[in-house]
Amino acid sequence: MDKFIIKGPVQLKGKINISGSKNAALPILFASILIDESVEIQNIPKLKDIDNAIKLLLHLGVKIKKGKSLIINANNLYNHYIFPKNLVKSIRASIWLISPILNRLGKIKISLPGGCSIGKRPIDLHIKYLKKLGAKIYIKNNNIYAYINKTFKGSHIIMEKSSVGATISIILAAIYAYKITIIDNAAKEPEIKDLANFLNTMGAKIKGAGTNQIIIKGVLKLKGGIYKIISDRIETGTFLIAAAISGGQILCQKTNPKNLDIVLKKLKYTGAEIKTGKNWCSLNMKNRKPKAVDIITGPYPDFPTDIQPQFTLLNLIALGKSKVTETIFENRFLYIHELIKMGANVFFKKNQVICKGVKKLYSAKIVATDLRASISLVLAGCIASGKTIINNINYIDRGYETIEKKLISLGANIKRIKNN
Ligand code: EPZ
């Protein structure tokens, strides 16, 4: 695993272009299996997770032409449905293969996607709701076996939890279903709206995506077309916080501030000057330290769990005390033990951490534990005094396009040591 050597403290300032959203691109890539004509998908970020999703599609016989955008043609799918375990386990998003492959091939055998350091990541809701739509599914020796007799059948699903992943699985199943599917208590994330916009561009009939009720009228066929993925709201929030914790200023371009309402509001409470436009947002901290601000994560439009580690870092160097409550994943504070090695003053209380802002952080040798946490450690290295070494940083390549290039353009002193 590669490592970063980061020298601090630096003030991060400048402007960056935000990449396409990883969590919009992944469901849209798997949705392209539903279409037997060419689709062109633009603004796909260059990330490890995207590369692994592409490998899964190629394994299926999907034709993919890489360039500025991806041209995908899933016309001639191989009629085999077994996937290499290592590839499936490399991304949790592989669970979204089930619905489109049942629609196209009628059966699939795929290994369980497995958990990760932030939590167990169960898939019980995916299975429960695909069964409600008519799939026969069982799990044996850590593999999922699923079959469908001709097509899915529309159903009224009231989700017991607004799961992003399960909402996506249902949409990808119901697209060709006989009659109508209604999803109540659906997840409302912007990435789900983007998936629905992509599918509607190709001829689907989906209404209400982005609200808690989604209605899908099954169609007979989808056609090819062109679609541009939305910008990454998590990356945008991450870079705004990078400027906020270093007293700097940043302009994030090619992004949509409307998808970050609560994060911008919380950053204003820290004392940051926030400005927004149609496709940009800026933050200016004017060399000041941020004020501590409580956050509680929750399903959209509440505070995004994927920005919790970055905002918690802000609270750990802010003026005053604050509380961070994590309601989505059961183990999303692992990274804080690394920040304590850098001088953070914090104590744990069930699914909360109480932060007491410190004057400064000190460099240390630390280890990344998951994607969003590792970026929080990198930002900590940028503001800590001395040389911080972060091991296991390949997590970052899964979710942030050319991260060190973007940070260096903002003034960071960061070097990647390859460890092949
Ligand atoms: C998606 O994960 C994102 N991943 C996550 O981003 C994000 O943190 C999460 O949504 C919440 O916004 C992708 O889009 C690829 P969920 P997902 O299903 O779909 C429980 C990142 O860093 N649950 O909304 O797995 C689950 O345990 C990643 O980019 C069940 O109980 O999230 C969790 O507590 C991290 N049973 C809660 O629901 C299920 O069958 C929310 O999970 C499914 C989920």
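Please read these numbers as outputs of a predicted model, since none were measured by experiment.

**Q** Hey, could you run me through the pairing of strand β22 (residues 386-391) in this one?
**A** The side chains of a regular strand alternate, first on one face of the sheet and then on the other. As defined by bridge partners, strand β1 (residues 3-8) adjoins β22 across 6 bridges and the pair is classed as antiparallel. Looking at β22, one finds that Phe4 is bridged to Ile390. The sheet contact formed by strand β21 (residues 365-367) and β22 spans 3 bridges and is parallel. Paired with Val367 across the bridge in β22 is Asn391. Handedness of the crossover is the feature at issue here: the chain leaves β21, passes through helix α12 (residues 371-383), returns alongside β22, and the resulting connection is right-handed.

**Q** Sorry if this is basic, but what is going on with the pattern of salt bridges here?
**A** The full count for this structure, using the stated rule, is 16 salt bridges. Linking Glu273 and Lys275 is a salt bridge whose minimum nitrogen-to-oxygen distance equals 3.9 Å. Accessibility expressed as a relative area gives 46% for Lys275, which makes it partly exposed. Each of the salt bridges in this network shares a partner with another, and the network as a whole consists of Asp2, Asp397, Glu404, Arg416 and Lys418.

**Q** Looking at this structure, how should I read the sheet that holds strand β18 (residues 321-325)?
**A** Strand pairing in a sheet relies on backbone hydrogen bonds, with the paired strands running either antiparallel or parallel. Overall, mixed pairing links the 4 strands, which are arranged β17-β18-β20-β19 in an open sheet. Each having just a single partner strand, β17 (295-296) and β19 (346-349) make up the two edges of the open sheet. Bridge count between β17 and β18: 2 bridges; the pairing is parallel. By the bridge assignment for β18, Ile296 is matched with Thr325.

Criteria and thresholds
- Residues numbered from 1 in each chain as written.
- Predicted model: local features only at pLDDT ≥ 70, side-chain atom pairs only at ≥ 80, totals over all residues.
- Heavy atoms only, no water.
- Pairing = 2+ DSSP bridges.
- Helix = DSSP H or I, 4+ residues; strand = E, 2+ residues; numbered from the N terminus.
- Right-handed = clockwise from strand over helix to strand, strands pointing away.
- Salt bridge = Lys/Arg side-chain N within 4 Å of Asp/Glu carboxyl O.
- Buried < 20%, exposed > 50% of the residue type's maximum accessible area, 1.4 Å probe, protein only.

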